[in-house]
Amino acid sequence: MNNSRFASPLKFYYFGLIGLLYLPIAILFLFSINSNTFLSFPLRGLTFGWYARLFESDALLRSARNSLVVAGGSSIAATLLGTMVALVMLRYQFRAKAFLVAMAVLPLIVPYVVLAVALLILFSALNIERSLWTVGVAHTVISLPYVLLIVGSRLAGFDVSIEEAAMDLGADYPTTLRRIVLPIIAPSMISAWLTAFTVSFDEFALALFLAGTQPTFPVYLYGQLRFASRLPIMIALAVLMMMGTLSLVLLAEKVRRAK
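Note that this is a predicted model, so its numbers are computed, not measured.

Structural notes on the packing of helix α3 (residues 58-91) against helix α4 (residues 97-105)
- For the pair α3 and α4, interaxial distance at closest approach is 10 Å and the crossing angle is 150°. One way to sum up the angle between α3 and α4 is to call them roughly antiparallel. Of the two possible hands of crossing, α3 and α4 adopt the one that is left-handed. Packed against α3, whose contacting residues are Val85, Val88 and Met89, the element α4 presents Lys97, Leu100, Val101 and Ala104 at the interface.
- Per-class residue counts for the contact of α3 with α4 are six nonpolar, no polar and one charged.

Rendered as structure tokens:
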């Protein structure tokens, strides 16, 4: 069957979708190097001064550090927990298996605002003060499903007979897991960690409710949008965040496809 007649509409749709996704980023970049503080055409001049001023704000750098700490810690925790859940889900049979899977992927369905309010009530009931720790716990919860899906898809295509052969040769399961399974699924685990890191670093709603007096990067960015004089700096910041996020996603996909 000749599918050439469908090629042109599909190409048009593909490039139209790419343009719809990335044209706003290109426009933001233009305004980030505009010497004028007003977001309008024509541009009054080009400058990279807004990018230089990003590193002059202690509050901005402190919020960036907070996000890096939270994203790094929560992504490691989510990767470890998600890998363990994936192993249990695909290697063992037990009655509560369906319930465990449902609870693990539930954060993909629950709106983040609803989850943020629920966690805020929980931490308040337990007399736990809002801090980067509470944000880290929340980000671990929402990152867990991504890790489970990425690592679980690799384990699903993993030949179980390799594990059985290792145990037939005298290795117990912990040794088989450490020396056979983990090295093979390591690229998927790295990809899952990068994805979890990106999800945590960009997340806003949970951080807004749970950060307390230690705002993360997105929360600080949102707060600065109230000041017109700082808007070009925040646009430059947004451009850098989007470029960094896109780079992490591409790197995660490249690592995931590694053999």
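Considering the environment of Gln224
- Topologically, Gln224 is positioned in helix α10 (residues 217-224).
- Looking at Gln224, the relative accessible area reads 12%, which means it is buried.
- Sequence separation between Gln224 and Met234 is 10 residues, and the spatial gap between their C-alpha atoms is 7.2 Å.
- Other than its neighbours up to four places away in sequence, Gln224 contacts Arg230 and Met234.

Observations regarding unusual backbone geometry
- In this structure, Asn127 is a non-glycine residue whose phi angle is positive, near 60°.
- Along the chain, Asn127 falls in the loop between α5 (112-125) and α6 (132-156).

A word on the packing of aromatic side chains
- Going through the model one piece at a time under the given rule, you end up with four aromatic pairs.
- Residues Trp193 and Phe197 carry aromatic rings whose centres are separated by 5.4 Å and whose planes lie at 35° to one another, so their mutual orientation is tilted. One end of the pair, Trp193, and the other, Phe197, are both in helix α8 (residues 173-202), four residues apart, so they sit about a helical turn from each other.
- Ring plane angle 10° and centroid distance 6.1 Å describe the contact between Phe197 and Phe201, whose orientation is recorded as stacked. On the criterion of helical spacing, the pair formed by Phe197 and Phe201 is a turn pair, its members being four residues apart in helix α8.

Some remarks on empty space enclosed by the protein
- Counting across every chain of the model gives one cavity of 30 Å³ or more.
- Taken as a whole, the largest cavity holds about 40 Å³ of empty space.
- What lines the largest cavity is simply Ser67, Val70, Ala71, His139, Ser200, Phe201, Glu203, Thr216 and Pro218.
- Looking at the lining of the largest cavity, the elements that each hand over two or more residues are α3 and α8.
- Of all the elements, α3 adds the most residues to the lining of the largest cavity, at three residues.
- Considered class by class, the residues forming the lining of the largest cavity number four nonpolar, four polar and one charged.

Structural notes on α6
- Relative to the 36 Å expected for 25 residues at 1.5 Å per residue, α6 spans 35 Å between its end C-alpha atoms, a close match to the ideal helical length.
- Largest kink in α6: about 35°, centred on Ser143, with the proline Pro145 one to four residues after it.

Details of α10
- For α10, a buried count of seven out of eight residues is recorded, marking the element as mostly surrounded by other parts of the structure.
- Inspection of α10 places Phe217, Pro218, Val219, Tyr220, Leu221, Gly223 and Gln224 among the buried residues, and these make up the whole buried set.

Cut-offs and rules
- Residues numbered from 1 in each chain as written.
- Predicted model: local features only at pLDDT ≥ 70, side-chain atom pairs only at ≥ 80, totals over all residues.
- Heavy atoms only, no water.
- Axes fitted to C-alpha atoms, helices over the stretch in contact; angles between N-to-C directions.
- Helix = DSSP H or I, 4+ residues; strand = E, 2+ residues; numbered from the N terminus.
- Parallel < 35°, antiparallel > 145°, perpendicular 65-115°, else oblique.
- Left-handed = near helix turned anticlockwise from the far one by under 90°.
- Contact = heavy atoms within 4.5 Å.
- Nonpolar A, V, L, I, M, F, W, Y, C, P; charged D, E, K, R; others polar.
- Buried < 20%, exposed > 50% of the residue type's maximum accessible area, 1.4 Å probe, protein only.
- Phe/Tyr/Trp six-rings, centres within 6.5 Å; stacked < 30°, edge-to-face > 60°.
- 1 Å grid on protein atoms, 1.4 Å probe; cavity = no way out; pocket = protein on both sides within 12 Å on 5 of 7 lines; lining within 4 Å.
- Points joined across faces, edges and corners; volume = space filled by probe spheres on them.
- Expected span 1.5 Å × (residues − 1).
- Bend = angle between axes of the 7 residues up to and from the residue.

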